[in-house]
Amino acid sequence: MYIPDIELQSSTAIRAFQEKEVLHMIGYLQQFSPFYKDWFKRHGIQADSIRTLDDVKKIPPVTKEALQEYNWDFLCVDKSKIAEYTTTSGTLGRPVILALTEKDLQRLSYNEYISFCCADGTDSDVFQLMLTLDRQFMAGMAYYNGIRKLGAGVLRVGPGVPSMQWENIQRIQPTTIVGVPSFLVKLIAYAKEHNIDINSTSVKKAVCIGENIRNTDFSLNVLGKKITEQWDIRLYSTYASTEMQTAFTECRAGQGGHHHPELLYVELLNENNEQVGPGEDGEVTITTLGVEGMPLLRYKTGDICRYYDEPCSCGRQTLRLSPVIGRKKQMIKFKGTTLYPPALFDLLNDMEEVREFVVEVHSNELGTDEILLHLWPLEESEEMDRKIRSYLQAKLRVIPQIHYCSQPEIMKMQFPEASRKPVKFVDNRK
């Protein structure tokens, strides 16, 4: 297993390394970035006056809205140097284009290489990719190239179709699967229906993407337990975004996603753009290091996490991020209760009476939030409806609106045209 030397250094050494890299990035942006040149000028920032990491706090953070509105102004190279065009998923609005140079693609491969090493990947593994590698999806390409750099085998099956996934598992015998946790639950259900003994297969590990498998105390959440109580495999959680071009991946200790300080400078900020302490909720704010095409400085991702900075048992000295508690813009205020969609997902995943779901939020005539749950139940009956409503009343203290759906209806909602991942949350608020 490869661990970069910087990740084994003391926190003081890591900070000194990051300071040098961040200051270098600020100079690069001052010279080549139309957006940041204007940003510095607008806020009276002299790039050469930023001499320490503490000085970086003088630079106002940048939001996703700015990246959407001034997308091409973030480009620091001539378009002839762009090797790949990727986009964000557009979960919180219009998708953003992220253009990568050849150097950026190599950096991305390195990121996934050390991330898969973090998740105990070796060159003797065979990885089955249960995700899309098209539709300008950065992660799919990154996983593939990282696995190739690791020297492991890779099997590109794509998303969905449990029958095809199991056919390939039985024929090619991969050791590790990479996919969305809720889809792993579907794989287990399919195996049960078709008398496949999942615990006698070659699969021993799963790298989980796109959904939480842990609570903020790092214990397995409902989804994580649903998998591991039936399938004797080790789960590794990941967190990343297209804008970061970097991933936070768990090691065997399962105590949060490890930060790669050679690739990313990360801050967790409160509402006043001040750094929060360990274990406190903060918005993940990133500065990309070593990115050539579209680097970002103090970019607020909208994701709310916690961080922990004590050394890990794996030997890494880097900070670790908790699972995403929620996205800032997706916070729901419902009849006196404040919650994020992942908390609702946990409740619904725990309901045996519900096969699949989509959570929709809209504004009522008073301008406050209303929740509509689209549910595909085990069966449609008065008894099933009573059980579902009683459960929601007990857990939420209030009952949202409920709309029961058929399987085709819920699948159409979860997989709209051009979607790269399942849609479980729809925000129709004004």
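Everything that follows concerns the structure shown earlier in this document.
Residues numbered from 1 in each chain as written. Predicted model: local features only at pLDDT ≥ 70, side-chain atom pairs only at ≥ 80, totals over all residues. Heavy atoms only, no water.

This part is about the sheet that holds strand 18 (residues 354-363). Read from one edge to the other, the open sheet built from four strands follows the order 20-19-18-21, with strand pairing classed as mixed. Single-partner strands in this sheet number two, and they are strand 20 (401-404) and strand 21 (425-428). The sheet shows a mean angle of 20 degrees between the axes of neighbouring strands, taken without regard to direction. Docked against the sheet, helix 12 (residues 407-414) engages strand 18, strand 19 (369-377) and strand 20, running at close to 55 degrees with respect to strand 18. (Pairing = 2+ DSSP bridges. Helix = DSSP H or I, 4+ residues; strand = E, 2+ residues; numbered from the N terminus. Axes fitted to C-alpha atoms, helices over the stretch in contact; angles between N-to-C directions. Contact = heavy atoms within 4.5 Å.)

A few words on the pattern of salt bridges. Throughout the structure, instances matching the rule amount to 26 salt bridges. Note that Lys64 is salt-bridged to Glu243, the shortest N-O span being 3.0 Å. In this pair, Lys64 sits in helix 4 (residues 64-69) while Glu243 sits in the loop between strand 7 (234-241) and strand 8 (246-249), placing the two residues 179 residues apart along the sequence. What makes Glu243 buried here is its relative accessible area of 4%. (Salt bridge = Lys/Arg side-chain N within 4 Å of Asp/Glu carboxyl O. Buried < 20%, exposed > 50% of the residue type's maximum accessible area, 1.4 Å probe, protein only.)

With that settled, the discussion passes to the packing of aromatic side chains. Taken as a whole, this structure holds 15 aromatic pairs when the rule is applied. Aromatic pair Trp72 and Tyr85: ring centres 6.3 Å apart, planes at 75 degrees, arrangement edge-to-face. With Trp72 in the loop between helix 4 and strand 1 (82-87) and Tyr85 in strand 1, this pair connects stretches of sequence that are 13 residues apart. On the basis of relative accessible area, Trp72 is assigned to the partly exposed category, the value being 34%. Overall, the relative accessible area of 37% leaves Tyr85 in the partly exposed class. Taken together, a centroid distance of 5.7 Å and an interplanar angle of 40 degrees make the contact between Phe345 and Phe357 tilted. One end of the pair, Phe345, is in helix 10 (residues 341-349); the other, Phe357, is in strand 18, with 12 residues separating them in the sequence. Of the two residues, Phe345 and Phe357, neither departs from the other in class, the shared state being buried. Through a chain of ring-to-ring contacts, the aromatic side chains of Phe35, Tyr36, Trp39, Phe40, Tyr70 and Phe74 assemble into a single cluster. The ring of Trp72 is capped by Lys79, whose NZ or CZ atom sits 4.0 Å from the centre of that ring. The residue whose ring lies beneath Lys149 is Tyr113, and the NZ or CZ to ring-centre distance is 5.9 Å. (Phe/Tyr/Trp six-rings, centres within 6.5 Å; stacked < 30°, edge-to-face > 60°. Lys NZ or Arg CZ within 6 Å of the ring centre and 35° of its normal.)

Each α-helix winds once per 3.6 residues, and so residues spaced three or four apart point in a common direction. Across its 17 residues, helix 5 (residues 102-118) extends 24 Å between first and last C-alpha, which sits within 8% of the 24 Å expected from 1.5 Å per residue. Most of helix 5 sits inside the fold, with 13 of its 17 residues counted as buried. (Expected span 1.5 Å × (residues − 1).)

This brings us to unusual backbone geometry. Positive phi, close to 55 degrees, is recorded for Asn195, a residue that is not glycine. Classification of Asn195 as exposed rests on a relative accessible area of 73%. Of note in the backbone geometry, Phe218 takes a positive phi value of approximately 75 degrees without being a glycine. Topologically, Phe218 is positioned in the loop between strand 6 (205-208) and helix 9 (222-228).

Take the pairing of strand 8 next. The two faces of the sheet receive side chains in turn, since in a regular strand these alternate between them. Here strand 8 shows no split at all, with Thr246 and Phe248 on one side and Ala247 and Thr249 on the other all buried. As defined by bridge partners, strand 7 adjoins strand 8 across four bridges and the pair is classed as antiparallel. Across the sheet, residue Thr238 finds its bridge partner in strand 8, namely Thr249. Connecting the antiparallel pair strand 7 and strand 8 is a turn made up of four residues, with Gln245 showing a positive phi of about 55 degrees.

Moving on, we come to the environment of Leu8. When you line up the elements, Leu8 lands in the segment before helix 1 (11-32). Excluding anything up to four places from it in sequence, Leu8 contacts Ile3, Gly315, Arg316 and Gln317.

This part takes up the nonpolar core. Core analysis: the largest hydrophobic core is formed by 52 residues, its most contacted members being Ile26, Tyr36, Phe40, Val284 and Leu321. In terms of residue count, the dominant contributor to this core is helix 1 (five residues). Excluding its chain neighbours within four sequence positions, the residues that come into contact with Val284 are Tyr239, Met244, Val266, Glu267, Leu268, Tyr299, Lys300, Thr301, Gly302, Asp303, Cys305 and Leu321. Among the nonpolar cores identified, the runner-up in size contains 39 residues, and Ile177, Val207, Cys208 and Ile209 belong to it. (Core = buried A, V, L, I, M, F, W, Y, C linked by side-chain atoms within 4.5 Å.)

Here we come to the side chain of Asp120. Following the sequence through the fold, Asp120 ends up in the loop between helix 5 and strand 3 (126-129). On the accessibility criterion, Asp120 (17% relative accessible area) is buried. A distance of 2.4 Å separates the side chain of Asp120 from the side chain of Tyr236, its partner in a polar contact. Of the polar contacts made by the side chain of Asp120, one reaches the side chain of Arg252; its length is 3.1 Å. If we ignore the near neighbours within four places in the chain, the residues touching Asp120 are Met1, Asp125, Lys205, Tyr236 and Arg252. (Polar contact = N/O pair within 3.5 Å; in protein donor to acceptor, adjacent residues only side chain to side chain.)

It is the contact of helix 1 with helix 2 (residues 34-42), at a shortest axis distance of 6 Å, that shows an interaxial angle of 100 degrees. Taken together, the axis directions place helix 1 and helix 2 in an arrangement best described as roughly perpendicular. Of helix 2, the residues touching helix 1 (which contributes Ile26, Leu29, Gln30, Gln31 and Phe32) are Pro34, Tyr36, Lys37 and Phe40. Per-class residue counts for the contact of helix 1 with helix 2 are six nonpolar, two polar and one charged. (Parallel < 35°, antiparallel > 145°, perpendicular 65-115°, else oblique. Nonpolar A, V, L, I, M, F, W, Y, C, P; charged D, E, K, R; others polar.)

Right, let's talk about the pairing of strand 10 (residues 264-269) for a bit. Counted residue by residue, strand 10 has six buried out of six residues, so it is predominantly covered. Covered by surrounding structure in strand 10 are Leu264, Val266 and Leu268 together with Tyr265, Glu267 and Leu269, the residues of both alternating faces. When strand 10 meets strand 11 (residues 282-288), the two strands line up antiparallel, connected through six bridges. In the strand pairing of strand 11, Leu269 is matched with Glu283.

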